[in-house]
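Working through the structure, step by step
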Amino acid sequence: MDVAEVLREHWDLKVSGLEVLTGGMNSATWLATCGADRLVLKAVGVDDGSFGPGLELARRLDDAGVTTGRPRASKRGRLVERVDGRQVAVLEYVDGAELVPSDQVEIGDVLGRVHSAAPLEPGETAEWLRFLLPFEDSLDLEPWIRPAVESAIAEAVSLGPVSWAWLHGDPAAEAFRRQPDGQVGLIDWGSAMRGPILYDVASAAMYVGREVVPAYLDRRPDLTDEIHRGLDTYLRVRYAVQAGYFAWRITTNLLTGISGPADNRKGLDDARRSFGL
């Protein structure tokens, strides 16, 4: 992809500097200098159904005061353009250092702000869990995967109704940025979805530890009983998603965003250990 030409043709931007960014598991990204602006061009597959909704959410949260890497509309007024068989967007670059797992207070606080700014009426848990269906054909890669995934799903359904919001979907520490003014932003909205708030909280706890929960509840004390009741259940759901995802990556030999097949193997093994297997 000729990134400079894409920016010129679709966003009417002139590029004076360009750098490839690394780290995306399911995307390709470049940092472009365009006059006084630093922008990120992000490209994903045409079948990525979360890309457009994630950009819309990032724009709405940015309006609410959460720094998200706001998407910039193309000259046709679109957040997403299709170029060379891919979906492409341009985002404001969020400067600053990535947070680390010990930054649980900041991570919990920002996640609580996100959910407060984007609440939803609760939906059906069983229907929501259908987002695991793309991994269905890979769940028999090893004999433990399907029983573990099905057990986690059944447990979440039996928990009953829980609070919903728009979710980040993958709130790892490196998605949070401490900006030069000290404020913390949250980027990488490619996994955004509607769903149970517990899923985002469990994801953060998986990545950085349970110490994230008190900081989250300082922002959302109304969810104290629900999170204490359902966190362990949704941690199992989160590891079920990880098991399905890495089983799918292994069976399809998908190596984007990693150094080699061993990284996919590690992701699956981490999920297995979480189930005590």
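My aim in this report is to walk through the structure given alongside it, one point at a time. Values in this document were obtained by computation on a predicted structure and should not be read as measured data.

As for the side chain of K42
Turning to its location among the elements, K42 is positioned in strand β3 (residues 37–45). In this structure, K42 is buried with no salt-bridge partner, the nearest side chain bearing the opposite charge being D188 at 4.1 Å. Those residues in contact with K42, other than ones at most four positions away along the chain, are S27, A28, T29, F51, Q87, V88, A89, L91, D188 and G190.

Here's the deal with the sheet that holds strand β7 (residues 97–98)
Pairing is antiparallel across the open sheet formed by 3 strands, whose spatial order is β7-β10-β11. With partners counted over all chains shown, the strands left at the sheet margins are β7 and β11 (184–186), one partner each. Of the strand pairs in this sheet, β7 and strand β10 (residues 176–178) are connected by 2 bridges, and their pairing is antiparallel. Each bridged residue has a counterpart across the sheet, and for A97 the counterpart in β10 is R178. Across the face of the sheet, helix α3 (residues 104–117) comes into contact with β10 and β11 while running at roughly 60 degrees to β11.

With respect to the nonpolar core
I227 and Y234 are the most contacted members of the largest nonpolar core, which totals 64 residues. The leading source of residues in this core is helix α8 (residues 224–251), at 11 residues. L13, W30, L41 and V88 belong to the second-largest nonpolar core, a separate cluster that totals 14 residues.

Examining the environment of R70
Relative to the elements of secondary structure, R70 occurs in the loop between α2 (51–63) and β4 (71–72). Residues R70 and E56 lie 14 residues apart in sequence; the distance between their C-alpha atoms is 9.1 Å. Apart from residues lying up to four places away in sequence, R70 is in contact with R59, D62, D63, V90, L91 and E92.

Details of unusual backbone geometry
Positioned with a positive phi, D12 is a non-glycine residue whose angle comes to about 55 degrees. In this fold, D12 is placed in the loop between α1 (3–11) and β1 (17–21). Taking relative accessible area as the criterion, D12 reaches 60% and is therefore assigned exposed. If you check the backbone angles, D188 has positive phi at about 65 degrees while not being a glycine. With respect to the helices and strands, the residue D188 is situated in the loop between β11 and β12 (193–196).

Concerning the packing of aromatic side chains
Evaluated as defined, the whole model comprises 9 aromatic pairs. For the pair F131 and Y199, a centre-to-centre distance of 5.9 Å together with 80 degrees between the ring planes defines the contact as edge-to-face. Here F131, found in the loop between α4 (125–128) and α5 (145–159), pairs with Y199, found in helix α6 (residues 197–208); they are 68 residues apart in sequence, far enough to count as distant. Both rings, one in Y245 and one in F246, keep their centres 5.1 Å apart while their planes meet at 75 degrees; by these two values the pair is edge-to-face. For Y245, a relative accessible area of 16% puts it in the buried group. With a relative accessible area of 12%, F246 lands in the buried category.

What counts as what
Sequence order as written defines the numbering, with residues in each chain counted from 1. Only residues with pLDDT of at least 70 get local features here, since the model is predicted, and only at 80 or more are side-chain atom pairs given and counted; chain-wide, interface and lining totals rely on the full set of residues. As a rule here, side-chain values cover all heavy atoms of the structure and leave hydrogens and water aside. Counting from the N terminus, the helices are DSSP H or I runs at least four residues long and the strands are E runs at least two residues long. Whether a residue is buried, partly exposed or exposed follows from its accessible area with a 1.4 Å probe, protein chains only, as a fraction of its type maximum: under 20%, in between, or over 50%, in that order. A positive count includes Lys and Arg, and a negative count includes Asp and Glu. His and the chain ends are not counted in either. The working definition used for a salt bridge is a side-chain nitrogen of Lys or Arg within 4 Å of a carboxyl oxygen of Asp or Glu. The contact rule is simple, with two residues in contact once any of their heavy atoms fall within 4.5 Å. Only strands joined by at least two bridges in the DSSP assignment are considered to pair. Throughout, an axis means a line fitted to C-alpha atoms (over the contacting stretch in the case of helices), and angles, computed between N-to-C directions, take values from 0 to 180 degrees. In these notes, a set of buried Ala, Val, Leu, Ile, Met, Phe, Trp, Tyr and Cys residues joined through side-chain atoms within 4.5 Å is what counts as a nonpolar core. Pairs were defined over the aromatic rings of Phe, Tyr and Trp, the Trp ring being its six-membered one, requiring ring centres within 6.5 Å. Orientation was assigned from the angle between planes: stacked under 30 degrees, edge-to-face over 60, tilted for the rest.

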